[in-house]
Amino acid sequence: MDKMTEHVMNWTTDAFLKKLYEDTSAERLQLAEATSLQEQRSRLAQALRRALGAFPEHSGPLNPVLLKRRDYGDYTLEKVAYTTLDGVNVPVLILIPKGKRKRYPAVLACHGHGNGQWDAVGMDPQGQELDDPGIHNRVAVRLVKLGLVVVIPEIMGFGVRRMAAELEENPNYSSCATLSSQLLMYGRTLAGMRVYEAMRALDYINSRSDVDAKRVGIFGFSGGGLIAAYTAALDERIKAVALSGWTNTFQGSILAMHHCIDNYLPGLLLDAEQPDLIGGLLAPRPLFVEGGEQDPIFPVAHTRRTVAELENRYALWNASDRFQYELHAGGHEISGKLSFDWLHRQLSEDE
């Protein structure tokens with residue numbers, strides 16, 4: 001009997017995805033070259049809104065309630081609860097400087113993946129300072145000591161805002177996968193809900209009598225960087241933006257390795273790579289980017305590429321002085337060596 005000759009075939013789908021990225025990249029470039037900066041901004045804003053999915057149609061009153069207040073010497077920490085949707089309650093930490101001013105500049109702080117809002121202050125849920133500041137590097141405490149009101153909502157899917165069963169089964173496990181998959185069935189995304197809630201946080205910040213509503217910035221780390229960037233892209237109330245441990249390219253990061261499902265937005269790459277979104281929607285507003293040389297999930301080579309593209313984009317707007325960055329020696333962590341003072345300056349100019 002003759003032996004069957006079998007052709008050697010490549011059964012994997014790697015080449016398919018590689019060509020898909022190359023084809024969409026070429027289409028994006030052609031579209032960008034054919035439109036003005038303002039036309040690009042309008043198109044990108046529409047694309048981002050579409051990718052984020054449906055937002056709630058109605059925003060009811062927040063009805064904030066003060067739960068507790070504690071004096072930490074240099075600042076006061078308040079815990080507040082407000083309502084973003086029917087049956088959706090959000091715990092919020094507010095750090096307020098000690099001083100004689102009636103109104104302060106403010107920062108909306110978006111924490112990254114982990115245990116939730118307490119990571120941003122480097123404390124346990126009882127308000128006791130931890131020996132190890134962790135990768136968030138006590139960002140909120142360091143900012144309030146510069147004279148900024150810092151507002152930290154617990155982001156949906158973390159901390160006490162996880163699904164009940166997952167909260168009971170594993171205290172250290174997020175509900176990102178459960179929320180993301182179920183929201184897709186309703187035409188929504190978890191990223192979209194988080195951006196919507198960040199906008200409601202801005203509503204709350206602007207309602208506070210101790211905040212100057214004309215001087216509100218945002219700081220986002222890791223997954224919080226996504227929320228910060230996309231919220232600022234769609235909400236002009238944010239005057240300055242600092243992104244830590246997130247700025248990269250989709251190709252070099254979330255398409256190159258495993259990431260939480262909340263990073264993936266339907267159809268977004270048809271219109272924009274990450275540098276296109278950041279530069280196209282944030283310029284010429286002040287922007288600071290920091291990344292770690294040793295960050296394993298947002299590789300520095302792609303951060304450098306994005307930084308170069310952002311420099312070009314800000315130059316087109318004649319706003320090169322409004323973009324700054326730091327590539328620090330660490331890993332996936334907040335540095336703050338330059339970004340904290342930078343954010344304070346941006347929100348304190350012309351006082």
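Residues numbered from 1 in each chain as written. Predicted model: local features only at pLDDT ≥ 70, side-chain atom pairs only at ≥ 80, totals over all residues. Heavy atoms only, no water.

1. What to know about the overall build of the chain
In step 1: Each helix and strand counted, the chain has 10 helices and 9 strands in total.
In step 2: Computed over its C-alpha atoms, the radius of gyration of the chain comes to 21 Å, within 12% of the 20 Å expected for a compact globule of 351 residues.
In step 3: Along the first, second and third principal axes, the C-alpha set of the chain runs to 90 × 55 × 45 Å.
In step 4: Per-residue burial over the chain gives 54% buried out of 351 residues. (Helix = DSSP H or I, 4+ residues; strand = E, 2+ residues; numbered from the N terminus. Rg over C-alpha atoms; globule rule 2.2 N^0.38 Å. Buried < 20%, exposed > 50% of the residue type's maximum accessible area, 1.4 Å probe, protein only.)

2. A few points about unusual backbone geometry
Only a minority of non-glycine residues have a phi that is not negative, and only a minority of peptide bonds are not trans.
In step 1: Note the cis peptide between Ala283 and Pro284, where omega equals 10°.
In step 2: Residue position: Pro284 is located in the loop between helix H8 (274–282) and strand S8 (287–292).
In step 3: In this model, Asn137 sits at a positive phi of 55°, which is unusual for a non-glycine residue.
In step 4: Tracing the sequence through the fold places Asn137 in the loop between strand S4 (104–110) and helix H3 (139–144).
In step 5: Positive phi, normally seen in glycine, also occurs at Asn318, with a value near 55°.
In step 6: Its place among the elements puts Asn318 in the loop between helix H9 (300–316) and strand S9 (323–328).
In step 7: Its relative accessible area of 72% is what places Asn318 among the exposed residues.

3. Topic: the nonpolar core
In step 1: Core analysis: the largest hydrophobic core is formed by 72 residues, its most contacted members being Leu52, Tyr230, Leu277 and Leu287.
In step 2: No other element matches the 11 residues that helix H6 (residues 190–207) contributes to this core.
In step 3: By size, the runner-up hydrophobic cluster in this structure holds 28 residues, among which are Leu93, Leu95, Val141 and Val144. (Core = buried A, V, L, I, M, F, W, Y, C linked by side-chain atoms within 4.5 Å.)

4. What to know about H9
Because an α-helix packs 3.6 residues into every turn, residues spaced three or four apart end up facing the same way.
In step 1: With 17 residues, H9 extends 24 Å between its outermost C-alpha atoms, agreeing within 8% with the 24 Å of an ideal straight helix rising 1.5 Å per residue.
In step 2: For H9, the full list of buried residues reads Val300, Thr303, Thr306, Val307, Leu310, Arg313 and Tyr314. The arc that holds the buried residues of H9, viewed along the axis, is 125°, so those residues lie on one side. In H9, those exposed residues whose orientation departs by more than 90 degrees from the buried face are Ala301, Asn312 and Leu316.
In step 3: Among the structural elements, helix H2 (37–52), H8, S8 and S9 are those in contact with the buried residues of H9. (Expected span 1.5 Å × (residues − 1). Arc of directions from axis to C-beta. Contact = heavy atoms within 4.5 Å.)

5. Considering the pairing of strand S7 (residues 240–244)
In step 1: Burial analysis of S7 places 5 of its 5 residues in the buried class, the great majority of the element.
In step 2: What you see with S7 is no split at all: Ala240, Ala242 and Ser244 on one side and Val241 and Leu243 on the other are buried throughout.
In step 3: The sheet contact formed by strand S6 (residues 211–221) and S7 spans 5 bridges and is parallel. Bridge assignment links Gly220 to a residue of S7, and that residue is Leu243. (Pairing = 2+ DSSP bridges.)

6. A word on the side chain of His111
In step 1: Relative to the helices and strands, His111 is located in the loop between S4 and H3.
In step 2: For His111, a relative accessible area of 1% gives the class buried.
In step 3: Separated by 3.1 Å, the side chain of His111 and the backbone nitrogen of Ile155 make a polar contact.
In step 4: Non-local contacts of His111, meaning those with residues more than four positions away in its chain, are made with Gly116, Gln117, His136, Ile152, Pro153, Glu154, Ile155, Phe158, Phe221 and Gly224. (Polar contact = N/O pair within 3.5 Å; in protein donor to acceptor, adjacent residues only side chain to side chain.)

7. Some words on the pattern of salt bridges
In step 1: Counted by the stated rule, this structure contains 20 salt bridges.
In step 2: In this structure, Lys98 engages Asp71 in a salt bridge whose closest nitrogen and oxygen atoms are separated by 3.0 Å. Of this pair, Lys98 sits in the loop between strand S3 (88–97) and S4 while Asp71 sits in strand S1 (residues 65–71); the two residues are 27 residues apart in sequence, bridging distant segments of the chain.
In step 3: For Lys98, a relative accessible area of 43% gives the class partly exposed. (Salt bridge = Lys/Arg side-chain N within 4 Å of Asp/Glu carboxyl O.)

8. Regarding the environment of Gln117
In step 1: Residue position: Gln117 is located in the loop between S4 and H3.
In step 2: Residue classification places Gln117 among the buried residues on the basis of a relative accessible area of 1%.
In step 3: The residues touching Gln117, leaving out its near neighbours within four places in the chain, are Pro91, Val92, Leu93, His111, Ile152, Pro153 and Glu154.

9. What about the packing of H2 against helix H7 (residues 223–234)?
In step 1: Interaxial distance between H2 and H7 falls to 10 Å at its minimum, and their mutual angle equals 130°. What the angle tells us is that H2 and H7 run oblique. In the crossing of H2 with H7, the sense of the turn from one axis to the other is left-handed. Within the contact between the two elements, H2 uses Ala45, Leu48, Arg49 and Leu52 and H7 uses Tyr230, Ala233 and Leu234. (Axes fitted to C-alpha atoms, helices over the stretch in contact; angles between N-to-C directions. Parallel < 35°, antiparallel > 145°, perpendicular 65-115°, else oblique. Left-handed = near helix turned anticlockwise from the far one by under 90°.)

10. Describing the packing of aromatic side chains
In step 1: Counted by the stated rule, this structure contains 8 aromatic pairs.
In step 2: An aromatic cluster of at least three residues, connected via ring pairs, comprises Tyr314, Phe323 and Tyr325.
In step 3: The cationic tip of Arg28 hangs over the ring face of Tyr21; the distance from NZ or CZ to the ring centre is 5.6 Å. (Phe/Tyr/Trp six-rings, centres within 6.5 Å; stacked < 30°, edge-to-face > 60°. Lys NZ or Arg CZ within 6 Å of the ring centre and 35° of its normal.)

11. Comments concerning the packing of H2 against H8
In step 1: Packing of H2 against H8 leaves a shortest axis separation of 9 Å and a crossing angle of 120°. Looking at the two axes, H2 sits oblique to H8. Between H2 and H8 lies a crossing whose hand is left-handed. Residues Arg41, Leu44, Ala45 and Leu48 of H2 lie in contact with H8, whose contacting residues are Asp276, Leu277, Gly280, Leu281 and Leu282.

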